[in-house]
Amino acid sequence: MTRKTLSKPDFIAIGPPKTGTTWIYRNLDFHPEVWMPPDKEIRHFWERTFIGQMSYRKRRSSTHWHHAARQIFCQKRLREHRQNLLSFKLDVKTLWWDIKYAYGTHTDKWYSSLFDKGLVSGDISAKYCELPDDELVKINDHFPKLKILITLRDPVEREWSRAKMNLCKRTGREVEEVSESEFINEFNDPPQRQSNDYVSLISRWTRHFGENQILVLFYDDLLQNPIDYFKELCKFLQISAPERAHEKQLNEVVFKGVKGNMPTKYEKYLFDLHKGNISELAKYISDNEYPKKWLEKYKNLI
């Protein structure tokens, strides 16, 4: 029996979170040869694995943060369409996409239909880094030509940034107002702790899709030289290098994190938690300097 394969999307970016995926989304969306979905994180495969398929009615009444965020997005878009209709500026193509996105049955065929057929198109869903092996098998079965983008960041800095986003930005608090126990609980979130095992993350996806379909990028390179970083991504996706008019935007910060330096006690706690993963990554990709620099940065904490 011939398996049913789907050609879209062309790529997925699997995070982990707080590794520059919003910057990538914005700049790919600006590229003339790329079409990105209006909602940055579709999370189709993650939803299927961790929540399960639901009817529209159940999704609408669900209190899960994933469905709540989707409802907020869709309601905002539909309000915009109503305003555009009143001002005779309705974009029928965009309206149809939003209707399909809001009300469609969440199958792989539905997911594939969300992407532009004529342009390079992809899904940037950082929580795909949490997907188990059996889900990777399913993805490969239906999307065998999919390109996979993995973005990595020093796990100590990544976890501090993620904790501030969840505990401060989303609750309207300053770092000093969050208790130590809340930070420790956030640092020990099981799926994200697993996602900091970068060797496992890279090797598992490579095993299912092959080295030629995987690109690993480091947040350090994005900070040091965003233009070259983006050029490497363009080469991987087989699209043209950014034009000069785009280069100014490439140097702009897209998503500013919450202010607040990491206290030494949290820095030490996080390094103790992840130094084994960093050491393994330094061995796994010995030709890359960054994991070694991460270890060197925290040597005074040992």
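Located above this text is the structure these notes cover.
What counts and how
Residues numbered from 1 in each chain as written. Predicted model: local features only at pLDDT ≥ 70, side-chain atom pairs only at ≥ 80, totals over all residues. Heavy atoms only, no water. Salt bridge = Lys/Arg side-chain N within 4 Å of Asp/Glu carboxyl O. Helix = DSSP H or I, 4+ residues; strand = E, 2+ residues; numbered from the N terminus. Axes fitted to C-alpha atoms, helices over the stretch in contact; angles between N-to-C directions. Left-handed = near helix turned anticlockwise from the far one by under 90°. Contact = heavy atoms within 4.5 Å. Nonpolar A, V, L, I, M, F, W, Y, C, P; charged D, E, K, R; others polar. Expected span 1.5 Å × (residues − 1). Buried < 20%, exposed > 50% of the residue type's maximum accessible area, 1.4 Å probe, protein only. Arc of directions from axis to C-beta.

### Concerning the pattern of salt bridges
(1) Moving on: As enumerated under the stated definition, the model contains 24 salt bridges in all.
(2) Moving on: Note that Glu135 and Arg48 form a salt bridge whose closest N and O atoms lie 2.4 Å from each other. Within this pair, whereas Glu135 is found in helix α7 (residues 133-142), its partner Arg48 is found in helix α2 (residues 44-50), the two being separated by 87 residues in sequence.
(3) Moving on: The structure contains a network of salt bridges with shared partners spanning Arg158, Glu159, Arg162 and Glu186.

### Brief notes about the packing of α7 against helix α11 (residues 198-209)
Describing two packed helices takes the angle between their axes plus the distance from one axis to the other.
(1) Moving on: Following both chains from N to C, one finds α7 and α11 inclined at 30°, their axes separated by 10 Å at the closest point. Handedness of the α7/α11 crossing: right-handed. Contacts between α7 and α11 involve Asp133, Leu136, Val137, Ile139 and Asn140 from the former and Arg204, Trp205, Arg207, His208 and Phe209 from the latter.
(2) Moving on: Residue classes in the contact of α7 with α11 are distributed as five nonpolar, two polar and three charged.

### Side note on helix α4 (residues 65-86)
(1) Moving on: With 22 residues, α4 should reach 32 Å at 1.5 Å per residue; the first-to-last C-alpha distance of 32 Å fits that figure.
(2) Moving on: Among the residues making up α4, those that are buried are His66, His67, Arg70, Gln71, Phe73, Cys74, Arg77 and His81. For α4, the arc enclosing every buried residue in end-on projection is 165°, short of the 170-degree limit, so these residues lie on one face. When the buried face of α4 is taken as reference, the exposed residues oriented beyond 90 degrees from it are Ile72, Arg82, Gln83 and Leu86.
(3) Moving on: If you follow the buried residues of α4, they end up packed against α2, α3 (56-61), α5 (92-103) and α6 (108-113).
(4) Moving on: Two residues or fewer after α4 comes Phe88, characterised by a positive phi angle close to 60°.

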